[in-house]
Structure formats: structure tokens, C-alpha cells
Amino acid sequence: MKAADYQVTGPITLSYYKTHEDFGKKSELEDELDEVSKAIAEIQNAMYAHGKYAVLICIQGMDTAGKDSLIREVFKNLNPRGLVVHSFKVPTPLELGHDYLWRHYVALPARGKFGIFNRTHYENVLVTRVHPEYILGENIPGIDSVADIDAAFWEERFRQINNFEQHIAENGTIIFKFFLNLSKEEQKNRLLRRLDKPNKNWKFSPGDLKERKLWDDYQRCYEEAINKTSKFHAPWYIIPADDKPTARLILAKILLEKLSEYTDIKEPELDEKTKANIDQYRKELEGEA
């Protein structure tokens, strides 16, 4: 299981990618995930003390792809002080008063921290592309009707997103972008489970069925977004998502593999004067009444 097996490095056709992989028993996968998560936590602790890099993890996928549970399980061993999760919903009036990237920019992780975007700035070339009428709420100069939202508009948006990511990467943010590749059949099964289990009913919305009817439109938009924006400094990884334990482990192992390449991330050493007086500090503490 290598990061290169899932990384997008050239033009892709999304339908050619697997939605299911089986790497063994659920209990074994969960045990391995726990070990990988602990190893990521060690890197996080060093990165927090090092204070020069930030990590931005972008997670996209269709409804029921398993984003929330993946975040819970993969990052459960990380120190909360160094981890911030943002779930982007419909823009608020305050957010609509700014350009579409503003709310994402202000949510970026500080140096030393991990930031997770559960749904991301890519919603602005996914949901709004399937429903271009939403763009009108942004009150953009020159966009007075859906007819004004042409192919050039979307090309400009891809350019802006690429520039945004290049800027933050050049200033120390390590970017990971994961697409949880769910099959339509598995989504159906998961929606049915939400209806069949009383404790899951709250997750269901009739709107889920309306969006499901636009499945092919969303797949086309995901494919183009991935093709336009998978760059060396901000790569996309396509993760088979029909089996949740497998998807979680794949994503975690990609993070561990790629973060381990940053050999300069180390906990800072004490200055020479402090190190030279460690024995004295110890004696002072041990001598307290």
C-alpha cells in the first residue's frame, strides 16, 4: 500500500478507479490503523514544537462517503491542541459578503497544526457547478444570471484555486486532498441504513435523494476538478471508499508515508546554556520542601 498507488499525477477517468478494496479482517485493519494513527500523532507533536509547517487535509466525497467517521477514527490519537476540524456548510451572509475563498483562508491551520477541511473550497466548483444558480448569491460583478456563468468562469475558478494552494504551499502548508470514491450502489445501501436504524434517522434528509439523482453530474464535476487541480504541491488521492475500515487505513498510511519524508521536522533542542545547567535545575526541584 503506497501513496503512489492512489495519487493523481496525470489525466484520469474517474469511472476507471476502484471503489472497493479489501485488505483483511475489520479487526486487523482497525488495529493497524491505531498504530498508524499513533505514528502520525508523534509527527504532529514534533511539528507542533517545530512550528514551521502546517498540514491541511482536504476531504471530499459524495454524501455518505464516510467523511465524519473517517476523521474520528484516523485522527483520534492526535493531540487536540494541534488539530482543528472545519466542516463547511452553506455560506452564511457574512461569508457571502466576501469572495468565495475567504472563509477557507481564515480557517487555514497555523504553523505547527493540522487542519482538516470536511468538505472544502472545492464545493465552489462542485455543488455550485451542478447548481449554478447558487453562484448568484455571491453577488459577483458581471454575473447577473446563470447565463453569465460560462466555461471561462469555471476555468478562472480552477486557476484561482490553484493559485491559492500554491501560495499556502510555498509558505509552509503541506497539502493533502482526498476524494473518497464511493459507488452509487453503496451510497444507496448507506442511505437505507439511515432510514432503517432509528439512531441514524437524523442523518437522513429528503434532499439526499434529490442530489443522488444528479450522481452523474457530480461525477463529471469531480473528475474535471481533480484533473485541473492535482499538482505536485497539492496532489489529489483517490481512495476507494465502499469499505470504511480500508478507506481509513489507506488515507492514514498515505499521510504517514508522505509526512515521514519531511526529515527536517524535529523537536527543537534546548540552548547550550540550559542544557549545561540541567543537573542544577534538577537539584533545585528535588530540593524543594
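Everything that follows concerns the structure shown earlier in this document.
Keep in mind that this is a model prediction, so the values were computed, not measured. Numbering of residues starts from 1 in every chain and runs along the sequence as written. Per-residue local features are limited, in this predicted model, to residues with pLDDT of at least 70; the limit for side-chain atom pairs, both in listing and counting, is 80 or more; totals at the level of whole chains, interfaces and linings are taken over all residues. With hydrogens and water excluded, all non-hydrogen atoms of the structure serve as input to the side-chain values.

Caption draft 1: Molecular detail of the packing of helix α2 (residues 67–74) against helix α10 (residues 244–259). Whenever a helix is involved, its axis is fitted only over the stretch in contact; in every case the axis is a line through C-alpha atoms, and angles between N-to-C directions fall within 0 to 180 degrees. A run of DSSP states H or I qualifies as a helix once it reaches four residues; a run of E qualifies as a strand once it reaches two. Both are numbered from the N-terminal end. Running from N to C, α2 and α10 point in directions that differ by 55°, and their axes come no closer than 10 Å. It follows that α2 is oblique to α10 by the angle criterion. Here the hand of the crossing between α2 and α10 comes out right-handed. Here Ser69, Leu70, Glu73 and Val74 of α2 come into contact with α10, specifically with Lys244, Ala247, Arg248, Leu251 and Ala252. Taken together, the residues of the contact of α2 with α10 break down into five nonpolar, one polar and three charged. For classification, angles of less than 35 degrees are called roughly parallel, those exceeding 145 degrees roughly antiparallel, those between 65 and 115 degrees roughly perpendicular, and all remaining angles oblique. Note: crossing handedness is left-handed where the near helix turns anticlockwise from the far helix by less than a right angle, and right-handed where it turns clockwise. We call two residues in contact whenever any of their non-hydrogen atoms come within 4.5 Å of each other. Ten residues, namely Ala, Val, Leu, Ile, Met, Phe, Trp, Tyr, Cys and Pro, are considered nonpolar, four, namely Asp, Glu, Lys and Arg, are considered charged, and the remaining ones, Gly among them, are considered polar.

Caption draft 2: Fine view of the pattern of salt bridges. The term salt bridge refers to a pairing of a side-chain nitrogen on Lys or Arg with a carboxyl oxygen on Asp or Glu at a separation within 4 Å. What the rule picks out here adds up to 21 salt bridges. For Lys76, the salt bridge is made with Glu73, and the minimal N-O distance between the two is 3.4 Å. Residue classification places Lys76 among the partly exposed positions, given a relative accessible area of 45%. Linking Lys275 and Glu269 is a salt bridge whose minimum nitrogen-to-oxygen distance equals 3.7 Å. Categorising residues by exposure relies on relative accessible area from a 1.4 Å probe, with only protein chains included: less than 20% of the type maximum marks a residue as buried, more than 50% marks it as exposed, and the intermediate range marks it as partly exposed. Overall, Lys275 belongs to the partly exposed group, its relative accessible area being 33%. Among the charged side chains, a salt-bridge network with shared partners connects Asp63, Arg119 and Glu123.

Caption draft 3: Spotlight on the packing of aromatic side chains. For this analysis, a ring pair means two rings from Phe, Tyr or Trp (six-membered ring only for Trp) whose centres lie within 6.5 Å, classed as stacked if their planes differ by under 30 degrees, edge-to-face if by over 60, and tilted for the remaining angles. Under the definition given, this model contains nine aromatic pairs. Members of the aromatic cluster, connected to one another through ring pairs, are Phe176, Phe178 and Tyr237. Only when the NZ of Lys or the CZ of Arg is both within 6 Å of the ring centre and within 35 degrees of the ring normal is a charge said to sit over the ring. Directly above the aromatic system of Tyr100 lies the positively charged group of Arg157, at a separation of 3.8 Å from the ring centroid.

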